[in-house]
Amino acid sequence: MGLMETFFNLDVLHSSALALLEGLKLTITLGLTSLVTSFAAGLILVLGRLYGPMPIRVIAIAFIDIFRAIPLLVLLVLVYYALPFVGINFSPFWAAVTALSLVASAYAAECFRAGIEAVAIGQFEAAKALGFSWTDMMKDVVLPQALRLVIPPSTGIGISLIKDTALASVVAMPDLLKQALQAQAFYANPSPLIGAALLYLIILLPLVRIVSSIEERQKRAAGR
Amino acid sequence: MTHQKATQPFIKITDLQKFYGQFQALHDINLAVEKGQILALIGPSGSGKSTLVRCINLLEQFQAGTIEVDGIEVKEGRNLNKVRAEVGMVFQQFNLFPHMTALKNVAIAPVRVRGISWEEAEKKALALLERVGLSQHAHKRPSQLSGGQQQRVAIARALAMEPEVLLFDEPTSALDPEMVGEVLDVIQKVAETGVTMLIVTHEMSFARRVSNRVIFMEQGRIIEDTPPEEFFGCGPKTDRAQLFIRSVLQGHPDAGLTAPLQVLED
Ligand SMILES: Nc1ncnc2c1ncn2[C@@H]1O[C@H](COP(=O)(O)OP(=O)(O)O)[C@@H](O)[C@H]1O
Ligand SMILES: [Mg+2]
């Protein structure tokens, strides 16, 4: 068999395309669900960490540190295989969402914190002097500026998160990687793996490019 | 908002002490401001002028003494935002919201704090921008405006809350010299409406023109509290104030050392 037939077998690719696309759909659903939950949780975490009463701050700091330290794969296995022993059963999908979100929310919180701390103190003071409530000050003045500053690093977190969805295949999620592995076994040919790799690249490469160009633009704007 | 008896001052500061860590920035400040008075706060840099005005809306916490605005004590808690809504502030660095147009900068506080509709707030905001000569620039972002224009938007933003008191902390110190005049003119026009004002400034001729009371501070204390005619006219009472005036005027390119007070005649 030639190199082409081995790694780029069109017949195999064609027959496994449907399964790969199913897997891709699941990967994207898993990625987006985790992205939304982790960014929402990250926002709550950072507000608790910066502005909460002391016990909340301590809890938020501990949470952020722990989930940035633990390997995602270990956490995923814990959630899926260990929690059932204490009666907590997640479906593979929600086990993956939980593990991914716990870790990504910790990173998102740190990223948002950098953004909030970069907002000029005068912005807080102007809002306070006008009589804004704390909530309005954050919602209308601070967060819009903070989040704009952290678009590139938060997109980076999003990219890592989508990449990390591949780990979900270890909890029997039929995601893109799992589908490719099954197809490879079924056809005894690695072409589906190549196909899967290409699909990952197709979603992630543009995102990587976008982050770089936003960073460039922000750097130029800052230098002006 | 007029709960106070006619005899009570509008702003009443009693035995105020303010520390930054170990350093005492304000000593025994007692100050009563009547409604409609216009105070010029002057004094060397580091004398506590900014700290004093920032205590009035609690942008700085103080350690002892009390401040009352319109009979409401200024302290953390429910009433703080009520006080802040009545006390407008204009900052040296403008502090406009960079992600909003000039119009939204002016309109947003009445919507969020007073609860009026966006439509009404924008109508009022446009009228205010007109008043500070910027109606053509309503839809620009702060970054598209000159320093003088930004400061005028900031004044309109403070006015939009229809405050009883306006605090100005060196409103022209961050401006290029050619823009100082346009901002001072706007402040003067606002002063003529009868709103109570406290203005920290190094613009002596402006202070003389606009104020009806001069507060001279040094090392965290109020050293003099006199009418401007007295302070600038026959010379300040204390040696320190004399010295300060002289040094400010020495920095003035037109000031002759022999007749230091003449430039103040404008
Ligand atoms: N945030 C701060 N931390 C510590 N010291 C401060 C702070 N702000 C002001 N000070 C000190 O307090 C004194 C009064 O400052 P300030 O009110 O800014 O003076 P002014 O406005 O008259 O120039 C100065 O000695 C200054 O160094
Ligand atoms: Mg100052």
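Attention here is on the structure that accompanies the text. (Residues numbered from 1 in each chain as written. Chains lettered and ligands numbered in written order. Predicted model: local features only at pLDDT ≥ 70, side-chain atom pairs only at ≥ 80, totals over all residues. Heavy atoms only, no water.)

### Notes on the overall build of chain A
Thought 1: When helices and strands are tallied, chain A shows ten helices and zero strands.
Thought 2: Ordered by position from N to C terminus, the α and β elements of chain A give α-α-α-α-α-α-α-α-α-α.
Thought 3: Along the first, second and third principal axes, the C-alpha set of chain A runs to 75 × 50 × 25 Å.
Thought 4: Looking at chain A residue by residue over its 224 residues, the buried ones come to 42%.
Thought 5: Taking the contacts inside chain A whose residues are at least 6 apart along the sequence as the reference set, 76% of them involve residues at least 24 apart.
Thought 6: Just so you have it, chain A exposes about 11600 Å², and 72% of that area is on carbon and sulfur atoms. (Helix = DSSP H or I, 4+ residues; strand = E, 2+ residues; numbered from the N terminus. Buried < 20%, exposed > 50% of the residue type's maximum accessible area, 1.4 Å probe, protein only. Contact = heavy atoms within 4.5 Å. Areas by Shrake-Rupley, 256 points an atom, 1.4 Å probe, with all protein chains shown as cover.)

### Quick word on the pairing of strand E3 (residues 38-42) of chain B
Residue and element names in this part refer to chain B.
Thought 1: Where burial is concerned, most of E3 is hidden: five out of the five residues are buried.
Thought 2: Alternating residues of E3 divide into Ile38, Ala40 and Ile42 and Leu39 and Leu41, and every residue in both groups is buried.
Thought 3: Note: E3 against strand E8 (residues 196-200), four bridges, orientation parallel. Note that in E8 the partner of Ala40 across the bridge is Ile199. (Pairing = 2+ DSSP bridges.)

### Re helix H9 (residues 176-187) of chain A
Residue and element names in this part refer to chain A.
Thought 1: When the terminal C-alpha atoms of H9 are compared, their 16 Å separation across twelve residues agrees well with the 16 Å that a helix rising 1.5 Å per residue should span.
Thought 2: Burial in H9 covers these residues: Leu176, Gln179, Ala180 and Ala183. Seen from one end, H9 has its buried residues packed into an arc of 100°, which puts them on one side.
Thought 3: Immediately beyond the C-terminal end of H9, within one or two residues, lies Ala188, with a positive phi of roughly 50°. (Expected span 1.5 Å × (residues − 1). Arc of directions from axis to C-beta.)

### With respect to the environment of Pro153(A)
Thought 1: Tracing the backbone through its elements, the reader meets Pro153(A) in helix H8 (residues 151-164).
Thought 2: Along the sequence, Pro153(A) and Ala168(A) sit 15 residues apart, while their C-alpha atoms lie 23 Å from each other.

### With respect to the layout of surface pockets
Thought 1: Approximately 900 Å³ is the volume found for the largest pocket.
Thought 2: For the largest pocket, the lining is made up of 22 residues, of which Arg148(A), Leu149(A), Ala221(A), Pro98(B) and Ser143(B) are closest to its centre.
Thought 3: Mapped onto the lining of the largest pocket, the elements with two or more residues apiece are helix H7 (134-149) and helix H10 (191-223) of chain A.
Thought 4: At five residues, the largest contribution of residues to the lining of the largest pocket is made by H10(A).
Thought 5: Of the residues assigned to the lining of the largest pocket, the class counts are ten nonpolar, eight polar and four charged. (1 Å grid on protein atoms, 1.4 Å probe; cavity = no way out; pocket = protein on both sides within 12 Å on 5 of 7 lines; lining within 4 Å. Points joined across faces, edges and corners; volume = space filled by probe spheres on them. Nonpolar A, V, L, I, M, F, W, Y, C, P; charged D, E, K, R; others polar.)

### Considering the sheet that holds strand E5 (residues 72-73) of chain B
Residues and elements named next belong to chain B.
Thought 1: Taken in spatial order, the four strands line up as E2-E1-E4-E5 in an open sheet, and their pairing is antiparallel. Of all the strands in the sheet, just strand E2 (23-33) and E5 have a single pairing partner and so form its edges.
Thought 2: As defined by bridge partners, strand E4 (residues 64-69) adjoins E5 across two bridges and the pair is classed as antiparallel. Pairing of Val69 across the sheet is with Ile72, part of E5.

### With respect to the pattern of salt bridges
Thought 1: Scanning the model with the defined rule gives 17 salt bridges over all chains in all.
Thought 2: Here Arg54(B) makes a salt bridge to Glu60(B), at a shortest N to O gap of 3.0 Å. With respect to burial, Arg54(B) and Glu60(B) carry one shared label: buried.
Thought 3: Salt-bridge contacts for Lys124(B) lead to Glu162(B); the nearest nitrogen and oxygen are separated by 3.2 Å. Placement of the pair is Lys124(B) in helix H4 (residues 118-131) and Glu162(B) in the loop between helix H5 (147-160) and strand E7 (165-169), with a sequence separation of 38 residues.
Thought 4: Ionic contacts of the salt-bridge type, sharing partners, join the residues Arg49(A), Arg68(A), Glu110(A), Arg113(A) and Glu117(A) into one network. (Salt bridge = Lys/Arg side-chain N within 4 Å of Asp/Glu carboxyl O.)

### Side note on unusual backbone geometry
All names here are of chain B.
Thought 1: Positive phi outside glycine occurs at Phe94, with the angle close to 65°.
Thought 2: Checked against the element boundaries, Phe94 lands in the loop between strand E6 (87-90) and helix H3 (102-114).
Thought 3: In this model, Glu170 sits at a positive phi of 45°, which is unusual for a non-glycine residue.
Thought 4: Relative to the helices and strands, Glu170 is located in the loop between E7 and helix H6 (177-191).

### What to know about H6(B)
Residues and elements named next belong to chain B.
Thought 1: For H6, which comprises 15 residues, the first-to-last C-alpha distance of 22 Å matches the rise-based estimate of 21 Å (1.5 Å per residue) to within 8%.
Thought 2: Among the residues of H6, those classed as buried are Met179, Val180, Val183, Leu184, Val186, Ile187, Gln188, Val190 and Ala191.
Thought 3: Of the surrounding elements, those touching the buried residues of H6 are E3, H4, H5, E7, E8 and helix H7 (204-210).

### Considerations on the interface of chain A and chain B
Thought 1: With 18 residues of chain A at the interface, the matching set in chain B holds 22 residues.
Thought 2: Summing both sides of the interface, chain A and chain B together bury roughly 1600 Å²; the carbon and sulfur share of this comes to 59%.
Thought 3: Ranking the residues of chain A by area buried against chain B places Glu125(A), Ala129(A) and Leu130(A) at the top, with a combined share of 34%.
Thought 4: For the interface between chain A and chain B, the tally reads two salt bridges.
Thought 5: For the interface between chain A and chain B, the tally reads six residue pairs in polar contact (both at pLDDT 80 or more).
Thought 6: When residues of the side of chain A that touches chain B are traced back to their parent elements, those giving at least two are helix H6 (121-129) and H7 of chain A. (Buried area = accessible area lost by both parts, 1.4 Å probe. Polar contact = N/O pair within 3.5 Å; in protein donor to acceptor, adjacent residues only side chain to side chain.)

### Here's the deal with the site of ligand 1
Residues and elements named next belong to chain B.
Thought 1: Looking at ligand 1, the residues that line it are Tyr20, Phe23, Ala25, Pro44, Ser45, Gly46, Ser47, Gly48, Lys49, Ser50 and Thr51.
Thought 2: The side chain of Lys49 places a nitrogen or oxygen atom 2.8 Å from an oxygen atom of ligand 1.
Thought 3: One of the side-chain N or O atoms of Ser50 is found 2.7 Å from an oxygen atom in ligand 1.
Thought 4: Burial of ligand 1 by the surrounding chains reaches 59%, relative to a free accessible area of 560 Å². (Near = heavy atom within 4 Å.)

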